[in-house]
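Chain by chain, the residues:
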Amino acid sequence: MISPPLSTPPAGGRQPPLSAPPSGITFDAMTRITPLPDRAVLAMDGEDRVTFLQGLVSADIAAIAPGAAAWAALLTPQGKWIADFFVVNDGARLLLDVEAAQAEAITTRLMRFRLRAKVAMAPTGLAVSAGWDGPAPPGDLCFADPRLPQAGFRILSAEPRGTDPFAAWDAHRIALGLPDGSRDLDAEKSVLLEAGFDELAGVSWTKGCWMGQELTARTKYRGLLKRRLCPVAITGPVPPRGAPLLNDSGAEMGEMRSGTDGIGLALLRLAAIEDGAPLTTGTSRLTPRVPGWMRVLAQPVDQGSLE
């Protein structure tokens with residue numbers, strides 16, 4: 001699934017200036033908008049940009065309409081997570097909304113595969129903001145978050161937008177069960193289905209081969225998943241990332257990932273999610289809160305039903 005465009009470039013493939021209001025979008029004073037200073041935007045240019053990226057990442061890049069976006073992951077050949085990002089089609093190029101700390105490494109890794117492909121990457125200097133609970137304001141390149149309608153939209157602009165604190169966006173994201181890159185995933189260890197990439201439209205099973213596809217498909221078709229990222233309600237202090245979470249028998253059932261006041265994401269065994277009983281770490285008590293979109297798969301999937 002690819003997000004519908006909120007702002008669509010005109011015919012001819014040229015993106016309007018960032019100050020030009022996209023048509024059909026109205027401002028609502030109740031909309032929440034948070035600047036995301038830990039994000040950066042890379043531009044991928046060149047006539048081979050779509051086919052080049054199509055063979056490397058998990059989402060269907062060729063299906064992205066102008067003004068829309070896909071959520072994609074870059075994996076090792078063994079199917080382990082390296083990075084994830086939003087890929088936006090602005091008509092003339094692809095814009096990658098990435099973790100700022102990973103921008104240089106993502107560029108270097110992708111360009112290793114360039115060979116004779118006509119493609120180039122460079123930072124844009126654009127700022128990223130996230131919005132929810134209302135329509136996008138006019139004046140910038142906006143796109144719907146392709147993961148869930150409730151996730152809202154993202155804005156790419158010359159200057160950061162919004163005044164809501166990051167904690168407000170973080171709580172909204174966590175309550176929906178949306179991972180936040182390296183805060184919730186471990187480089188060269190995590191697999192996509194643990195983080196909901198299947199249900200959240202981050203994986204295409206029909207577009208053809210891409211790097212890391214074999215292990216990802218095998219995990220799905222053979223029912224090999226043993227853990228999932230899941231929202232947890234927290235009573236007490238937010239545990240540090242990696243803190244072990246124990247059941248009432250003292251058995252380790254998972255570990256803490258990102259969190260904010262009263263809520264967090266934890267990587268839990270499927271049995272702990274299905275049971276729903278509180279877990280503890282230190283003086284904190286954490287209770288799984290399974291979002292409606294999540295399928296807690298404990299059994300193998302019939303591959304024929306997925307074709």
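For clarity, every value in this text was computed on a predicted model and none was experimentally measured.

Conventions we followed
Positions within a chain are numbered from 1, following the residues in the order the chain's sequence is written. Only residues with pLDDT of 70 or above have their local features reported here, since the model is predicted, and side-chain atom pairs are shown and tallied only from 80 upward, although totals for entire chains, interfaces and linings are computed over all residues. Here the side-chain values reflect all heavy atoms present in the structure, with hydrogen atoms and water set aside. The definition of a nonpolar core used throughout is a set of buried Ala, Val, Leu, Ile, Met, Phe, Trp, Tyr and Cys residues joined through side-chain atoms within 4.5 Å. Exposure categories follow from relative accessible area, calculated using a 1.4 Å probe and restricted to protein chains: below 20% of the type maximum is buried, above 50% is exposed, and the middle band is partly exposed. A cavity, in this analysis, means grid points on a 1 Å lattice covering only the protein atoms where a 1.4 Å probe fits yet has no way out; a pocket is instead an open set bounded by protein on both sides within 12 Å along at least five of seven lines, and a residue lines either one if it has an atom within 4 Å of a point. Grid points are joined across faces, edges and corners, and a volume is the space filled by probe spheres set on the points. Helix and strand assignments follow DSSP, with helices taken as H or I runs no shorter than four residues and strands as E runs no shorter than two, numbered in order from the N terminus. Charged residues are taken to be Asp, Glu, Lys and Arg, nonpolar residues to be Ala, Val, Leu, Ile, Met, Phe, Trp, Tyr, Cys and Pro, and polar residues to be all remaining types, Gly included. A contact between two residues is defined here by any heavy atoms of the two lying within 4.5 Å. In predicted models, pLDDT denotes the confidence assigned by the predictor to each residue on a 0 to 100 scale. Between the rings of Phe, Tyr and Trp (Trp by its six-membered ring), a pair exists once the centres lie within 6.5 Å; its type follows the angle of the planes, with under 30 degrees stacked, over 60 edge-to-face, and the other angles tilted. Only when the NZ atom of a Lys or the CZ atom of an Arg is both within 6 Å of the ring centre and within 35 degrees of the ring normal do we say a charge sits over the ring. Two strands are counted as paired when DSSP detects at least two bridges linking them. One side-chain nitrogen of Lys or Arg within 4 Å of one carboxyl oxygen of Asp or Glu is enough to make a salt bridge. Here a polar contact is recorded for every N or O atom pair within 3.5 Å, except that within protein the pair must consist of a potential hydrogen donor and a potential acceptor, and residues adjacent in sequence are included only if both atoms are side-chain atoms. Every axis in this analysis is a line fitted to C-alpha atoms, fitted for helices over the stretch in contact. Angles between the N-to-C directions lie between 0 and 180 degrees.

### Things to note about the nonpolar core
No. 1: Grouped together as the largest cluster of nonpolar side chains are 48 residues, with contacts concentrated most on Val 88, Leu 95, Leu 148, Leu 156, Leu 192, Phe 197 and Leu 268.
No. 2: Judged by nonpolar contacts, the second largest core, of 28 residues, contains Val 57, Ala 68, Leu 74 and Leu 96.

### Things to note about empty space enclosed by the protein
No. 1: On inspection of all chains with the given rule, the structure shows two cavities of 30 Å³ or more.
No. 2: Roughly 140 Å³ of volume is contained in the largest cavity.
No. 3: Considering the residues around the largest cavity, the lining is formed by 14 residues, among which Arg 39, Arg 147, Arg 154, Pro 179 and Asp 180 are closest to the centre.
No. 4: Put simply, the parts of the chain that give the lining of the largest cavity at least two residues each are strand S4 (81–89) and helix H3 (166–176).
No. 5: Sort the elements by how many residues they give to the lining of the largest cavity and H3 lands first, with three residues.
No. 6: For the lining of the largest cavity, a count of residues per class yields six nonpolar, one polar and seven charged.

### Some thoughts on H3
No. 1: Burial in H3 covers these residues: Ala 168, Trp 169, Asp 170, His 172, Arg 173, Ile 174 and Leu 176.
No. 2: Against the buried residues of H3 lie strand S1 (32–35), strand S7 (127–132), strand S9 (153–157), strand S10 (227–235), strand S12 (252–260) and strand S13 (263–269).
No. 3: Backbone geometry just downstream of H3 places Gly 177 in the positive-phi region, at approximately 85 degrees.

### Let's talk about the confidence of the model for the protein chain
No. 1: Confidence in the prediction for the protein chain averages 89 pLDDT; 87% of positions are at 70 or higher.
No. 2: Contacts from residues 7–27, a stretch scored under 50 in pLDDT, to residues over four places away or in other chains number 47 contacts.
No. 3: Confidence drops under a pLDDT of 50 for residues 298–307, and excluding neighbours within four residues, the segment shows 13 contacts in the predicted structure.

### Remarks on the packing of aromatic side chains
Aromatic ring pairs are reported here in terms of the distance separating the ring centres and the angle at which the planes meet.
No. 1: This structure, assessed with the given rule, holds four aromatic pairs.
No. 2: Centre to centre, the rings of Phe 86 and Phe 143 are 5.9 Å apart; their planes meet at 55 degrees, and the pair counts as tilted. Taken as a pair, Phe 86 in strand S4 and Phe 143 in strand S8 (residues 141–144) lie far apart in primary sequence, 57 residues in all.
No. 3: Judged by its relative accessible area of 3%, Phe 86 is buried.
No. 4: Pairing Trp 205 with Tyr 221 gives two aromatic rings, centres 6.0 Å apart and planes at 45 degrees, and the pair type is tilted. Linking Trp 205 in the loop between H3 and helix H4 (213–221) with Tyr 221 in helix H4, this pair joins segments that are 16 residues apart in sequence.
No. 5: Just above the ring of Trp 71 sits the side chain of Arg 147; from NZ or CZ to the centre is 5.3 Å.

### A closer look at the pairing of S4
No. 1: Among the nine residues of S4, nine are classified as buried, and the element is accordingly described as predominantly covered.
No. 2: One ladder, built from seven bridges, connects strand S3 (residues 69–75) with S4; its direction is antiparallel. By the bridge assignment, Ala 70 is partnered in S4 with Val 87.
No. 3: Where S3 folds back onto S4 in an antiparallel hairpin, the turn is made up of five residues, including Gly 79, whose phi is positive at roughly 85 degrees.
No. 4: From the end of S4 to the start of strand S5 (residues 94–99), which pair antiparallel, there are four residues, and Gly 91 there has a positive phi angle of about 100 degrees.

### Side note on the pattern of salt bridges
No. 1: Scanning all chains against the criterion turns up 19 salt bridges.
No. 2: For the salt bridge of Asp 184 with Arg 173, the shortest nitrogen-to-oxygen distance reads 3.2 Å. Within this pair, whereas Asp 184 is found in the loop between H3 and H4, its partner Arg 173 is found in helix H3, the two being separated by 11 residues in sequence.
No. 3: Assessed through its relative accessible area of 2%, Arg 173 is described here as buried.
No. 4: A single salt-bridge network, built from bridges that share partners, covers Asp 170, Arg 173, Asp 180, Arg 183 and Asp 184.

### Here we look at the side chain of Arg 147
No. 1: Structurally, the position occupied by Arg 147 is in the loop between S8 and S9.
No. 2: There is a polar contact of 2.8 Å between the side chain of Arg 147 and the side chain of Asp 145.
No. 3: In terms of polar contacts, Arg 147 uses its side chain to reach the backbone carbonyl oxygen of Pro 179, at 3.4 Å.

### With respect to the sheet that holds S4
No. 1: Taken together, the five strands give an open sheet; going across it, the order is S3-S4-S5-S2-S6, and neighbouring strands pair in antiparallel fashion. Each of the sheet's edge strands pairs with one partner strand only, and the pair in question is S3 and strand S6 (120–123). Sheet twist, expressed as the average angle between the axes of neighbouring strands with direction ignored, equals 30 degrees.
No. 2: Relative to S6, strand S2 (residues 39–45) runs antiparallel, the two sharing four bridges. Looking at S6, one finds that Leu 42 is bridged to Pro 123.

### Focus on the sheet that holds S8
Through backbone hydrogen bonds, the strands of a sheet pair up, either in parallel or in antiparallel fashion.
No. 1: Taken together, four strands build an open sheet; the order of strands is S1-S7-S9-S8 and the sheet is antiparallel. At either margin of the open sheet sits one strand with a lone partner, and together these are S1 and S8. Between one strand axis and the next, the sheet turns through 25 degrees on average, direction left out of account.
No. 2: Here four bridges tie S8 to S9, and the two strands are oriented antiparallel to one another. Opposite Cys 142, over in S9, you have Ile 155 as the bridge partner.
No. 3: Together, S1, S7 and S9 form the strand contacts of H3, whose direction differs from that of S7 by roughly 60 degrees.

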